[in-house]
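What follows is the residue order along each chain.
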Protein chains: 2
Amino acid sequence: MDELNYVPNRLAGGLSGTRSDIVGVVVTSLYHSEFASILDALQSALLKSNLQVMLANTRYDPDQEVTLVRSILSWRPAAVAIIGVDHPPKVTELLRASGVPIIEMWDIGGDVIDTAVGMDHTAVGAAQARHLIERGCKSLAFLGSMRDNDARAQKRATGAAQAITAAGLNDLVFATRPEAGKPDLGDHLARELLSKHPGIDGIICNSDVIAFGVLRALKDLGKRVPEDISVIGFGDSEASSCMTPSLSTVRPDRQRIGEKTAEAILARIDDEPSTTMTLDCELVTRDSTRSI
Amino acid sequence: MDELNYVPNRLAGGLSGTRSDIVGVVVTSLYHSEFASILDALQSALLKSNLQVMLANTRYDPDQEVTLVRSILSWRPAAVAIIGVDHPPKVTELLRASGVPIIEMWDIGGDVIDTAVGMDHTAVGAAQARHLIERGCKSLAFLGSMRDNDARAQKRATGAAQAITAAGLNDLVFATRPEAGKPDLGDHLARELLSKHPGIDGIICNSDVIAFGVLRALKDLGKRVPEDISVIGFGDSEASSCMTPSLSTVRPDRQRIGEKTAEAILARIDDEPSTTMTLDCELVTRDSTRSI
DNA sequence: TACCGTTGCGTTATCGTTAACTTTATGCCA
DNA sequence: TGGCATAAAGTTAACGATAACGCAACGGTA
């Protein structure tokens, strides 16, 4: 086999055999390691069970999501892992009708198709807001990229708004845009926010990458962090600990999500019952929200 | 079809049909968007031609590379895109024997199998070194994660060493480790480097993420950047412009690599001749190497 | 009307492997 | 040594599409 460079034809094998060794993975983005490290952990765990990942990237486009899910299912995968629990109705329908184990990652709650491994994003948003409130912030804003189909970001914003109402503070101010989350966007939105709402003393960013731009803008505007304004991010990007000031954030354990998803896939292939696994996020307190 | 949620079986279609619509993509890492944004651009370009990406991640493990390439080929892909031009001999042999169009990405030079789209990493390393030399640095170090199988990093280091020799300066000092490139590693290596070689006044980092840790360590050690030590990274991570001081770096146009790879794949599927495409990197001068 | 080229439609071999099935060989015991 | 259970080996029918093929219908021309 080796000498002739023979490579078996898995299309034939898959067509004939009873089980497939493809796992379809549907993500909404690959930028900024948002899901890349989940994918990394998932893939290396699946490798041990000889499962091959087939990747689809919807780029937050719901039409693409339908197309790509159909495309993934056409490979008769052993299982499908997909980001989020909020999908276009047709996606849910296709996945349900396929009879294939479906693992929804990153988010939980509501209408889980089969099995879910993720965080409670409403709780995350509430935790971010409460952290800033504990630090003495009185006037909070939620800032960042917010895609129409990023239900997670919307849940975090909702959670934050609820926590603020519960604390009896002024309403949460929104500074969002449906564009991709890059530092320049954070920079721009921070300037715009402070010119309209000069009293803001706490900013919840929708991602660390956005927060980087916010920190840059605040420095440029002569605002001290955290003395004048506290900033908290989401995602714990590797660079966050190296910012000046270092960025407080919320750390989702992406590696664990990937590993647990792999476990769930194997369990469901083995016909074990479906479950929902809620993972906690760690609040990482650094200098951008340090008590003063 | 829609009503019954019918999804055609592509295993059957692939087995029967003359052409496959899979493109195998082999990367060495997914962390830190090193290749994630190439993948992102590649995938969205291929989507327009109804080509599906099948992903494999070797994690810089040459044995895995052989296994994964074999696995990818077993799907009878329409083309294979793979990071790098330096592979284990068996990989080259398998790819050659497969008769499938092969696009090597990210690096160029030497023993191209078929078509390559990438940068001259030796030139990149030389450009980094020359930039620091122009800024007045006399004693340079190359610092970062260096995997045994990361031929690109080795080429950049070689290029830097050659430029230094050409300038008649002291030999390049190496501070490398075969571990994954994270800020903590950069932090650690910078401290170790400066305790052994206190005269170092210019550090070439193997990645921006490593450089973040270096900047953090230097700040902690009371070294001024760029007054005492200049630092340059590689990769132009999104956070780099938000560092204090902002990080000078080299920007490979990942999006363009992805797009050009997609173009090359389509061209080769159409039986157009193979080519090698050299892309230039932009030197991004920021405060960490600003003239003083 | 006969002829021929074109089109449309229905049938069937084929892709390369797996798994079920049949046949043959082997080993053990009475 | 025969009989039977078991193991090994060999054979064949799927798997679900595609594409080649054959045949009938059709239309234009001589």
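Up top is the structure.
Residues numbered from 1 in each chain as written. Chains lettered and ligands numbered in written order. Predicted model: local features only at pLDDT ≥ 70, side-chain atom pairs only at ≥ 80, totals over all residues. Heavy atoms only, no water.

1. As for the relation of the copies chain B and chain A
Okay, step 1: It takes a turn of 180° to lay chain B on chain A, together with a shift of 0.0 Å along the axis; the resulting RMSD is 0.0 Å. This pairing of chains is accounted for by a two-fold axis.
Okay, step 2: Comparing contact sets, 100% of the residues at the interface of chain B also lie at the interface in chain A, consistent with an isologous, same-surface contact. (Least-squares fit on C-alpha atoms with pLDDT ≥ 70 in both. Contact = heavy atoms within 4.5 Å.)

2. Topic: the protein's contact with DNA strand D
Okay, step 1: In the vicinity of DNA strand D, the residues found are L15 and S16 of chain A together with Y6, N9, A12, G13, L15, S16, G17 and T18 of chain B.
Okay, step 2: Counted by atom, the contact set of DNA strand D within 4 Å of the protein is 65% sugar and phosphate.
Okay, step 3: S16 of chain A has a polar backbone atom sitting 3.3 Å from a base oxygen of DNA strand D.
Okay, step 4: Contacts to DNA strand D include A12 of chain B, whose backbone N or O atom sits 3.3 Å from a base nitrogen.
Okay, step 5: For the surface near DNA strand D, the elements supplying multiple residues, two or more each, are α1 (10-16) of chain A together with α1 (10-16) of chain B. (Near = heavy atom within 4 Å. Polar contact = N/O pair within 3.5 Å; in protein donor to acceptor, adjacent residues only side chain to side chain. Helix = DSSP H or I, 4+ residues; strand = E, 2+ residues; numbered from the N terminus.)

3. Structural notes on the pattern of salt bridges
Okay, step 1: Evaluated as defined, the whole model comprises 42 salt bridges over all chains.
Okay, step 2: When the shortest N-O distance is used, the salt bridge between K155 of chain A and D86 of chain A registers 3.4 Å. With a gap of 69 residues between them, K155 of chain A in helix α6 (residues 151-166) and D86 of chain A in the loop between β3 (79-83) and α4 (89-98) connect regions that are remote in the sequence.
Okay, step 3: Here R286 of chain B ties to D236 of chain B by a salt bridge, and the two come within 3.2 Å at their closest N and O atoms. Of this pair, R286 of chain B sits in the segment after β12 (282-284) while D236 of chain B sits in the loop between β9 (230-232) and β10 (249-251), placing them 50 residues apart in sequence. (Salt bridge = Lys/Arg side-chain N within 4 Å of Asp/Glu carboxyl O.)

4. Comments concerning the sheet that holds strand β8 (residues 202-205) of chain A
All names here are of chain A.
Okay, step 1: Across the sheet, four strands lie side by side as β7-β6-β8-β9; this open sheet has parallel pairing. Because the sheet does not close on itself, it has two edges, and the strands there are β7 (173-177) and β9 (230-232). Each neighbouring strand pair of the sheet contributes to a mean axis angle of 15°, computed without reference to strand direction.
Okay, step 2: Across the sheet, α6 touches β6 (140-145), β7 and β8, and the angle it forms with β6 is around 175°. (Pairing = 2+ DSSP bridges. Axes fitted to C-alpha atoms, helices over the stretch in contact; angles between N-to-C directions.)

5. Comments concerning unusual backbone geometry
Okay, step 1: The step from T244 of chain A to P245 of chain A runs through a cis peptide bond, and the omega angle for that step is -5°.
Okay, step 2: Position of P245 of chain A relative to the elements: it lies in the loop between β9 and β10 (249-251).
Okay, step 3: Residues other than glycine seldom take positive phi values, yet N5 of chain B does so here, at roughly 55°.
Okay, step 4: Relative to the assigned elements, N5 of chain B resides in the segment before α1.

6. Observations concerning the pairing of strand β1 (residues 22-27) of chain A
The side chains of a regular strand alternate, residue by residue, between the two faces of the sheet.
All names here are of chain A.
Okay, step 1: With six of six residues buried, β1 lies mostly within the body of the structure.
Okay, step 2: Side chains of β1 alternate between two faces, with I22, G24 and V26 and V23, V25 and V27 buried alike.
Okay, step 3: Both β1 and strand β2 (residues 52-57) contribute to a ladder of six bridges, which runs parallel. Across the sheet, V25 pairs through a bridge with L55, a residue of β2.
Okay, step 4: Each parallel crossover has a hand, and for β1 linked through helix α2 (residues 36-47) to β2 it is right-handed.
Okay, step 5: Where β1 lies against β3, four bridges are found, and the strand directions are parallel. Each bridged residue has a counterpart across the sheet, and for G24 the counterpart in β3 is V80. (Buried < 20%, exposed > 50% of the residue type's maximum accessible area, 1.4 Å probe, protein only. Right-handed = clockwise from strand over helix to strand, strands pointing away.)

7. Section: the layout of surface pockets
Residues and elements named next belong to chain B.
Okay, step 1: Looking at the second largest pocket, its volume works out to about 500 Å³.
Okay, step 2: Forming the walls of the second largest pocket are 30 residues, and the residues nearest its centre are S29, Y31, H32, E34 and G181.
Okay, step 3: Those elements giving two or more residues to the lining of the second largest pocket turn out to be α6 (151-166) and α8 (208-220).
Okay, step 4: With three residues, α8 is the largest single contributor of residues to the lining of the second largest pocket.
Okay, step 5: In terms of residue class, the lining of the second largest pocket is built from nine nonpolar, 10 polar and 11 charged.
Okay, step 6: Of the residues that make up the lining of the second largest pocket, three or more belong to each of domain 1 (10-120 + 253-281) and domain 2 (121-251 + 285-289). (1 Å grid on protein atoms, 1.4 Å probe; cavity = no way out; pocket = protein on both sides within 12 Å on 5 of 7 lines; lining within 4 Å. Points joined across faces, edges and corners; volume = space filled by probe spheres on them. Nonpolar A, V, L, I, M, F, W, Y, C, P; charged D, E, K, R; others polar. Domains from an automatic or database assignment.)

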